[in-house]
Amino acid sequence: MGKKIKKEVEPPPKDVFDPLTIESKKAATVVLMLNSPEEEILAKACEAIYKFALKGEENKATLLELGAVEPLTKLLTHEDKVVRRNATMIFGILASNSDVKKLLRELEVMNSVIAQLAPEEEVVIHEFASLCLANMSVEYTGKVQIFEHGGLEPLIRLLSSPDPDVKKNSIECIYNLVQDFQCRTTLQELNAIPPILELLKSEYPIIQLLALKTLGVITCDKESRTMLKDNQGLDQLTKILEAKELNDLHVEALSVIANCLEDMDTMVLMQQTGGLKKLLSFAENSTIPDIQKNAAKAITKAAYDPENRKIFHEQEVEKCLVTLLGSDSEGTKIAASQAISAMSENSSSKDFFNTQGIPQIVQLLRSDNEEVREAAALALANLTTSSPANANAAAEADAIDPLINILSSKRDGAIANAATVLTNMAIQEPLRSVIQSHEVMHALLGPLHSTNTVVQSTAALTVAATACDVEARNELRNCGGLEPLTELLHSKNDEVRRHASWAVMVCASDELTAVELCRLGALDILEEINLSVSRKNKFSEAAYNKLLNNNLSLKYSQTGYLSSSNIITDGFYDFGRINPGTKLLPLKELCLQELNDHRAILLVNSKSETSPPPSMEDKLSDVGYGRSISSSSSLRRASKEKSTAGFGSPTEEKSEPTSGRNTVLSRGATKEKGSRKGRGKKEEEKVKEEEEVLAVPKLTEGSPDKEWYPPPDPEFCVYVYEVTKSILPIINIKDQIEALAKYVADKMGGKISKEKLSDFSWELHISELKFQLKSNVIPIGYIKKGIFYHRALLFKALADKIGVGCCLVRGEYSRAWNEVKLLNEARKGIIGRLPPPEEYIVDLMFHPGALLKLRSKEADLYRFL
């Protein structure tokens, strides 16, 4: 054997760095290593950072501060698979931090992350890349970037991955993405329904749950529902409901079914396959509140379609819903009430709930839970709409008291619903009386002051429905409800404005309430509304006219027309024509104004200064009444005019009592005749005019401390008495009109020929009266020389006193006339039906008592000459 020779070890090349093993305990050092060109160092550094990031949120924030994110983004595209895998794993963990997400969006790394979802990549890379996308998709901007970089398609492909983590991350990301409508549309194009349905068979509940949630979102679109049905998705959903061990999935499964039931085809299919029956039975018998709640929600969604309601009714869904009302869960009660509300659109269902359902719903009105009360009120509102029977059933179940209590609720929806129910009830007079007895007007004050337009609208409508009686209107007025109601007329909301106008129209039926509404400015607001083409409505016009009907002075000044139903009462005054928007001053202010050269204001007043006028019996029996209302010369003239005017038959005159008023008048007339013997005609007329002026009392005199009363009109009192005595007993209406016309003409200066009309010095007479009265307001009875508009007003005032129907119409140039309607018996039909009445104008000037056909030449000459 030879001797062994020992080999010499060759030294390493001089240009090669000797290997160095370093143990680092600082994250900052490892972050610096991310810039190394050596793959092994990069892989180990990434692995160390991954472990560090897994330990908590603070470590993720530390890595962000150390600047680890930017070098890591470059490693996502590294050639080495290990480096690339480890970098992807880090981002899967880091992306849950909101600050990291923000930086990643700014660095635009989405394309690099999505590239890791390529089929050739490892499953681990798929897992963490999809996890990164799932975290990024939580925020809207992240969704946008994922969608714009085409991330949806590879995510759908990964739903078929063998790895459950990849499936879970992918479906979670898709669920976040489909919250956006555009992503849902693209999902349909990519045929994503089949792979999502496959996930329902997964053995992992979280994957099944995410799949159901995703289906719940995408089936909001009709196309997706069709795809689900075509891929037998309903069968899978029904099987989930039937599997008791999958009860944690039942709520979401019901949500998907609820969407699908919106389609009539799906509803019919489920009915034919028995799935609908199973659904209702499942809802009724389940002991899990959320399942019952979602089942009721499913019914609600589907019941918005009329055909679906019919099918539900055939399946006796009403019984199921009534059962759910008795649940201990507040959420189930709310959902069941909402379903009943939807089903009440079906008349048969509405009838069913009359005896079964309404009592239970009324009980819910007393719940301590505001949402429950709101839902119950909604159900009751729909059940009582157009259903007097249900309104009665609700009242019998003592619903009125809790409904009025709900009007003070903090929830606008509850208030609006309760007000709607009360409106539906108030249509029936017996129920309206009960509602009024609960001080409903006080309860409506809050809703009328609400800022919510729905509450305002329903509250105003409730006022319109309940203020049909004087007591209710008085309550509304006394509690201050008219002010907020008037303010609602200013609303920019059409429905609020319409309902407020309606309520004002109803309230204006009462004179006191109408006066108060006018004081609050309702008339001015309505006038402004009606001048606008876009804002006015039929109720605003009706309310305006109704208010005017209770303020005839303003109506006549604005419109120049009073109908036969507009009865002139004491205190009416004719100011003359005013333009729209011009305010008409009250009578008191007009009386206290300084004398001016404007048109005289005509007043109608048969009341005495300090008290209402005496009764007719007092007038006949009290001799002093004549002296209290006029001078002796006025009474003498009244008696003389009466004896020469030809009112009443001689027999009637003889039957009058010889004492009292008529005795005084007769003696005065004799004395006046004797005192005027030997005078010329012109001198007699002059003296007569002077007497008339001197006999008029000054209206502005009196103590300012006394309560103000309208100026008295003793002459008009005499007129009323005389026409009541002489004209009222006339049976024939035409004869009444003719007699009254002659009477009015006689009191206003007699017949005036057309040729001498310009010589009729009525202006001077009116000026003298204004000067003597020291007032611009002249009682109509004091005028002895009256032109068209004086006579027309006097005729209307007296006609209204004795019940003769006539209209008062203002024309141009001091013209006014009265229109009457008379039946023509000569034109009576063969079968005994009377023809429409003919319209006439009453001549008070040229031929007093003549009736001119309205559309005749003579009538036109009278009105417009």
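Keep in mind that this is a model prediction, so the values were computed, not measured.

### Quick look at the overall build of the protein
- Along the protein, the regular secondary structure elements total 52 helices and 8 strands.
- Per-residue burial over the protein gives 52% buried out of 865 residues.
- Counted over contacts in the protein with a minimum sequence separation of 6, partners at least 24 positions apart contribute 68%.
- Total accessible area on the protein stands at roughly 42,400 Å², and carbon and sulfur atoms take up 51% of it.

### Regarding the environment of S753
- If you trace the backbone, S753 turns up in the loop between α49 (733-747) and α50 (762-773).
- Relative accessible area serves as the criterion here: at 28%, S753 is assigned to the partly exposed category.

### Some details on the nonpolar core
- In this structure, F312, L380, M425 and L547 are the most contacted members of the largest nonpolar core, which totals 193 residues.
- The dominant element in this core, judged by the number of residues it contributes, is helix α29 (residues 412-426), at 9 residues.
- For L380, the residues in contact, after removing those within four places along its chain, are I358, I361, V362, L365, A394, A399, L403 and V421.
- F572, I737, L769 and L822 belong to the second largest nonpolar core, which has 61 residues in total.

### What to know about the sheet that holds strand β7 (residues 838-842)
- Judged by pairing direction, the sheet is antiparallel, and its 5 strands sit side by side in the order β1-β5-β6-β7-β8 without closing on themselves. The open sheet has two edge strands, β1 (561-562) and β8 (851-853), and neither has a second partner.
- Sheet analysis places β7 next to β8, joined by 3 bridges and oriented antiparallel. In the sheet register, V842 faces β8, and the bridge partner there is L851.

### Examining the pattern of salt bridges
- With the rule as written, the count across this model stands at 31 salt bridges.
- With a closest N to O distance of 3.8 Å, K310 and E307 form a salt bridge. You can see K310 and its partner E307 sitting in helix α21 (residues 306-314), 3 residues apart, about one turn around the helix.
- Among the ionic pairs, K747 bridges to E722, the shortest N-O distance being 3.8 Å. Of this pair, K747 sits in helix α49 while E722 sits in helix α48 (residues 714-726); the two residues are 25 residues apart in sequence, bridging distant segments of the chain. You'll find K747 and E722 in the same group, each marked buried.
- In the salt-bridge network here, residues are joined through shared partners; they are K222, R225 and D263.

### Focus: helix α5 (residues 81-94)
- In this model, α5 (14 residues) spans 20 Å end to end at C-alpha, consistent with the 20 Å of a helix rising 1.5 Å per residue.
- Within α5, 11 of the 14 residues are buried, leaving the element largely enclosed by the surrounding structure.
- What α5 keeps buried is the set V83, R84, N86, A87, T88, M89, I90, F91, G92, I93 and L94.
- Each element contacted by the buried residues of α5 is listed here: α2 (39-54), α3 (57-65), α4 (69-75), α6 (98-107) and α8 (123-136).
- Measuring from the backbone nitrogen of V82 back to the side-chain oxygen at the start of α5 gives 3.1 Å, which picks out D80 as the cap.

### A look at the packing of helix α14 (residues 205-218) against helix α17 (residues 250-260)
- Between α14 and α17, the least distance of the axes is 8 Å, while the angle of their chain directions is 20 degrees. With respect to each other, α14 and α17 are oriented roughly parallel. As for how α14 packs across α17, the hand of that crossing is left-handed. In this structure, α14 uses L209, L212, K213, L215 and G216 to contact α17, whose residues at the interface are E252, A253, V256 and N259.
- Of the residues in the contact of α14 with α17, the class split is 5 nonpolar, 2 polar and 2 charged.

### What to know about helix α22 (residues 317-325)
- In terms of burial, α22 is a largely internal element, 7 of the 9 residues being buried.
- All buried positions along α22 are accounted for by V317, E318, C320, L321, V322, L324 and L325.
- Contacts made by the buried residues of α22 are with α19 (275-285), α20 (289-302), α21, α23 (330-343), α24 (347-352) and α25 (358-364).

### Some words on the sheet that holds strand β4 (residues 777-779)
- Taken in spatial order, the 3 strands make up an open sheet running β2-β3-β4, and their pairing is mixed. Sheet topology places β2 (572-574) and β4 at the edges, where each strand pairs with a single neighbour. With direction set aside, neighbouring strand axes in the sheet form an average angle of 30 degrees.
- Here helix α51 (residues 788-802) sits on the sheet and contacts β2 and β3 (601-604); the angle it forms with β3, its principal contact strand, is near 15 degrees.

### Looking at the pairing of strand β6 (residues 816-822)
- Most of β6 sits inside the fold, with 6 of its 7 residues counted as buried.
- Inspection of the sheet shows strand β5 (residues 807-810) paired to β6 by 4 bridges, in the antiparallel sense. Directly across from L808, in β6, lies its bridge partner N818.
- Between the end of β5 and the start of β6, which pair antiparallel, lie 5 residues, with Y813 showing a positive phi angle near 55 degrees.
- By the bridge criterion, 5 bridges tie β6 to β7 in an arrangement that is antiparallel. Bridging across to β7, N818 finds its partner in V842.

### Notes on the confidence of the model for the protein
- The pLDDT averaged across the protein works out to 83; a share of 84% of its residues lies at or above 70.
- When mean pLDDT is taken per element in the protein, helix α33 (residues 453-466) scores highest with 96 and helix α43 (residues 624-629) scores lowest with 32.
- Throughout residues 610-687 the model reports pLDDT below 50, and contacts reaching past four residues in sequence, or to other chains, amount to 80 contacts.
- Residue range residues 700-704 is modelled with pLDDT below 50. Its contacts to residues more than four positions away, or to other chains, number 4 contacts.

### A few points about unusual backbone geometry
- With a phi close to 55 degrees, E108 is a non-glycine residue in the positive phi region.
- Topologically, E108 is positioned in the loop between α6 and α7 (110-115).
- Accessibility expressed as a relative area gives 63% for E108, which makes it exposed.

### Quick word on the side chain of S36
- Turning to its location among the elements, S36 is positioned in the loop between α1 (27-33) and α2.
- At 3.1 Å, the side chain of S36 forms a polar contact with the backbone nitrogen of E38.

The rules behind these values
- Residues numbered from 1 in each chain as written.
- Predicted model: local features only at pLDDT ≥ 70, side-chain atom pairs only at ≥ 80, totals over all residues.
- Heavy atoms only, no water.
- Helix = DSSP H or I, 4+ residues; strand = E, 2+ residues; numbered from the N terminus.
- Buried < 20%, exposed > 50% of the residue type's maximum accessible area, 1.4 Å probe, protein only.
- Contact = heavy atoms within 4.5 Å.
- Areas by Shrake-Rupley, 256 points an atom, 1.4 Å probe, with all protein chains shown as cover.
- Core = buried A, V, L, I, M, F, W, Y, C linked by side-chain atoms within 4.5 Å.
- Pairing = 2+ DSSP bridges.
- Salt bridge = Lys/Arg side-chain N within 4 Å of Asp/Glu carboxyl O.
- Expected span 1.5 Å × (residues − 1).
- Polar contact = N/O pair within 3.5 Å; in protein donor to acceptor, adjacent residues only side chain to side chain.
- Axes fitted to C-alpha atoms, helices over the stretch in contact; angles between N-to-C directions.
- Parallel < 35°, antiparallel > 145°, perpendicular 65-115°, else oblique.
- Left-handed = near helix turned anticlockwise from the far one by under 90°.
- Nonpolar A, V, L, I, M, F, W, Y, C, P; charged D, E, K, R; others polar.
- pLDDT = per-residue confidence, 0-100.

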